[in-house]
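Descriptive analysis of the structure
If you want the building blocks of each chain, they are given just below.
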Protein chains: 2
Amino acid sequence: MKSRLIAAFLIAAAAPALAQQPPAPMPVVPAQIAALRDAALQDNFAWDITEGLTTEVGPRLDGTPAEARAREWAVAKLRALGFSNVRVENFTITNWTRGAEDAEILAPFPQRLVVAALGNSASTGPSGITGEVVGFDTLGDLQAAPDSAVRGKIVFVSHAMPRTQDGSGYGYFGGPRRQGPTVASQKGALAIVIRSIGTDYHRNPHAGVQTFGTGVKPIPAGALSLPDAEQLQRILKRRKPVTMHLTLVSQSGPAPSGNVIAELPGRDPKLPPILVGGHLDSWDLGTGAIDDASGIAIATAAAKRIMDAGRPLRTIRVVWFGSEEMGLFGGLDYQKRHGSEPHYAMAESDFGAGKIWKVNTKLGKDRDAEARLLQAALAPLGIVPGKMDDADGSDIGPMIEAGAPGVGLSQDGTYYFDLHHTPDDTLDKIDLGDLRQNVAAWTAMLAVLSGGIEPEPKRKLRR
Amino acid sequence: MKSRLIAAFLIAAAAPALAQQPPAPMPVVPAQIAALRDAALQDNFAWDITEGLTTEVGPRLDGTPAEARAREWAVAKLRALGFSNVRVENFTITNWTRGAEDAEILAPFPQRLVVAALGNSASTGPSGITGEVVGFDTLGDLQAAPDSAVRGKIVFVSHAMPRTQDGSGYGYFGGPRRQGPTVASQKGALAIVIRSIGTDYHRNPHAGVQTFGTGVKPIPAGALSLPDAEQLQRILKRRKPVTMHLTLVSQSGPAPSGNVIAELPGRDPKLPPILVGGHLDSWDLGTGAIDDASGIAIATAAAKRIMDAGRPLRTIRVVWFGSEEMGLFGGLDYQKRHGSEPHYAMAESDFGAGKIWKVNTKLGKDRDAEARLLQAALAPLGIVPGKMDDADGSDIGPMIEAGAPGVGLSQDGTYYFDLHHTPDDTLDKIDLGDLRQNVAAWTAMLAVLSGGIEPEPKRKLRR
């Protein structure tokens, strides 16, 4: 054993000599940036914003009076924090709101299941509809089924999403929610219920938007919680006809929404601003704590910390987007108004309140040194350097696609889809330590991108 | 380091010599008992019963048609398993069933909270009631409050129960549910909502029974989920008047219930039977998987395993009690009918499906050897020998109190109150390995108490 161990040590020691190239030298992180980052690990601004918005407004679905109250709350809070040019940019959306909801198995084993309508579901009306349930294991199975197997029935798709750190399953496994209702309608289904696009086993369905294809007749579309979806699977496995009474009441119409914008003016107002933000609206079932009160709180707390440190060279623009959930309406309105103006960088926090574990950038080839400095500034927070030609975000996504420079601070999403769009998205799910790590990362990012922070003249005099 | 280590070993080795008495010799576990116990670690009967009852009946609240379907299911299942004398002992209860429920904060921060009525709550009627909320941290604070602080208001009590392995917090910290409504009514409250008696942070309230004191006017009484209770606390902390609209619809009336009883006849039918069981009814919000499908499944699977091994000396009587949740009605009916008949022992499984971690017995002084054999038979399953003058159970509790011999196989309750009486009490929460450990323990217990199992004459001939 001993001689084997020694051999292993010798091999390990020899490894660097075998590497083909020396590693690129790491940039030295300026002391100001490191100090701002480390001080942010004691941040309270982000918690204060998250706690305040989720308590004093609560759920704030797109285009509702609650979202309007959230805008009022936002304007007051951003002004109180000392931001400049605080304003609302209004726009109109077609909103959608839920009413009474129920799913009841009538036969062979009478019992109620927990269901929530998906966004843009047709309404069953208060008396509901009754139909035979036909089950499919995947969206592909539904697509492959003959119309005759589906016509007049309530379709059930049980496709299960796995748990991942980067949330990458949401695209593929979200298919039953995004395409399922359209496919079912095209085949003549009476309605559709899906297994929630989620990873938890609580009786809390996951809401989420879906949009019927052009010319496709809207049908009632709902999501069962995972325990209920698996119950329905077990019932279907008994191979007796299954009848369900489904009530999904909803209404829809034109409604006001808006983006709330605030600024920390830079020393050189002619330079393109750095845009940071998240979205103000939330799904209606929870209080939108991790989606996305914490996101706007993280971005705003970081900007506030820069404000309190002095004046950045570049303007930092904070945007609390409206009506993200129902179709990125806030991001699209911002793009329509401001998309042609240059931005120095854009970053959005909208993947919960878990620790940041990776940083991707897409700042352009000529800004590699800046990207590497950002990587070095973030590494002490346990953040892995990622790609340098990639960034994303929900509201800012279309603008990044269109060429705007971006930074993606990726949060750990291992538990995100336990809570996403459910009643369980509430304040108690947020870990203060994780939230502070986010603020520290965002503060470091802003410090790197800001062009340097100088003490305010007034403050200088006081010292 | 080395010499210190050696010294530590020497001290450890010397420890037994320092003990004041030699330990009592451990009983040798007969091979038949050990073999039955170990084979039960591969049991499928308990899973089959739990899966079947929760799927094919689902929720089965006391005195409802669902509980009646559960009795039919039970009779068919117990007969199919080969039990004898399968029968229902009918009785009548006053049942209580819930209708529409909602709690909405109207001011200062409009939003809906998740609420469920407690058993025997008065009905608000479908249009609900509106009142100012007055909050108390504990039941004691409510008791100490002057009537004038409570009269005409909606009382909120936020008393929080800690997580424990033995579930011992449920007595003390369950006070707000059991006594809160009566105290609030006596002080003239319009209604009461409590923080759920639970330990999880999901938007799933914990139901549970409460009974208004004699002469006390029933008022609407509900439980908020923990996230909602903490939200209400945060709102109250803002020190603005809080107005709530509360809807808790319910109805009550006489309804049929019953105990389902089955037997594995012993070789000597004149000997007192061993009673094992759990309760068939469940709260309405979940499918009663851990409360108490798994309990009846564990007790019944163990009896079935004895049946398949041969014929015990003593009769094993399996009882699936009805209407436990609303007031131990099944246990009291059994006591009325059979309480004066001698029983060799009673044991009930009604604390979830977590691993058994301790065994208590109350078999009487003259049966110490039997109790010690039971301890020795269970120890290999990781079960700690507990008290020898203590046993409990819900339905059997009054009979144990009255002197019937009992065995208490204590399940690990660390996570029990995450699920107890909530919508989350569903099949997916049960761990098959834990369930099988329970069956192994119950099988070992029955093997010890049975007086010996002999092969059936028929089977003997076949061999």
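No experiment lies behind these values; they were computed from the predicted model shown.

Notes on the packing of helix H10 (residues 289-309) of chain B against helix H15 (residues 432-449) of chain B
Residue and element names in this part refer to chain B. At a minimum axis distance of 8 Å, the contact between H10 and H15 shows a crossing angle of 50°. On the basis of their axis angle, the class for H10 and H15 is oblique. The handedness of the crossing between H10 and H15 comes out as right-handed. Listed contacts from H15 to Ser-294, Ile-298, Ala-299, Ala-301, Ala-302, Ala-303, Arg-305 and Ile-306 of H10 are Leu-435, Asn-438, Val-439, Trp-442, Thr-443, Leu-446 and Ala-447. A per-class count over the contact of H10 with H15 returns eleven nonpolar, three polar and one charged.

Section: the domain arrangement of chain A
Residue and element names in this part refer to chain A. For chain A, the assigned domains are domain 1 (31-94 + 254-454) and domain 2 (109-241). Counting residues at the interface gives 19 residues for domain 1, matched by 22 residues for domain 2. Carbon and sulfur atoms make up 58% of the surface buried where domain 1 meets domain 2, a total of about 1600 Å² over both sides. With a shortest N-O distance of 3.1 Å, Asp-418 and Arg-163 are connected by a salt bridge. Our count for the contact surface shared by domain 1 and domain 2 stands at ten residue pairs in polar contact (both at pLDDT 80 or more). Tallying contributions element by element places helix H15 (residues 416-419) first for the side of domain 1 that touches domain 2, with three residues. Each residue belonging to the side of domain 1 that touches domain 2 can be placed in one class, and the counts come to nine nonpolar, six polar and four charged.

Side note on the relation of the copies chain B and chain A
Note on the identical chains: chain B maps onto chain A by a rotation of 180° and an axial translation of 0.0 Å, with an RMSD of 0.0 Å. The operation mapping one copy onto its partner corresponds to a two-fold rotation axis. Closest approach to the rotation axis within chain B is made by the C-alpha atom of His-202 of chain B, at a distance of 3.8 Å. An overlap of 100% is found between the interface residues of chain B and their copies at the interface of chain A, pointing to a shared contact surface.

Points about the interface of chain B and chain A
Opposite the 30 residues of chain B that make contact, chain A presents 30 residues. When the buried surface of chain B facing chain A is broken down by residue, Thr-55, Arg-203 and Arg-238 of chain B rank first, second and third, together holding 23% of it. In this structure, the connection of chain B to chain A is made through four salt bridges. A salt bridge links Arg-238 of chain B to Glu-56 of chain A, with the nearest nitrogen and oxygen atoms 2.8 Å apart. Elements that contribute at least two residues to the side of chain B that touches chain A include exactly helix H3 (45-56) and helix H9 (226-237) of chain B. For the side of chain B that touches chain A, the element with the highest residue contribution is H3 of chain B, accounting for five residues. Residues that form the side of chain B that touches chain A fall into these classes: ten nonpolar, eleven polar and nine charged.

Criteria and thresholds
- Residues numbered from 1 in each chain as written.
- Chains lettered and ligands numbered in written order.
- Predicted model: local features only at pLDDT ≥ 70, side-chain atom pairs only at ≥ 80, totals over all residues.
- Heavy atoms only, no water.
- Axes fitted to C-alpha atoms, helices over the stretch in contact; angles between N-to-C directions.
- Helix = DSSP H or I, 4+ residues; strand = E, 2+ residues; numbered from the N terminus.
- Parallel < 35°, antiparallel > 145°, perpendicular 65-115°, else oblique.
- Left-handed = near helix turned anticlockwise from the far one by under 90°.
- Contact = heavy atoms within 4.5 Å.
- Nonpolar A, V, L, I, M, F, W, Y, C, P; charged D, E, K, R; others polar.
- Domains from an automatic or database assignment.
- Buried area = accessible area lost by both parts, 1.4 Å probe.
- Salt bridge = Lys/Arg side-chain N within 4 Å of Asp/Glu carboxyl O.
- Polar contact = N/O pair within 3.5 Å; in protein donor to acceptor, adjacent residues only side chain to side chain.
- Least-squares fit on C-alpha atoms with pLDDT ≥ 70 in both.

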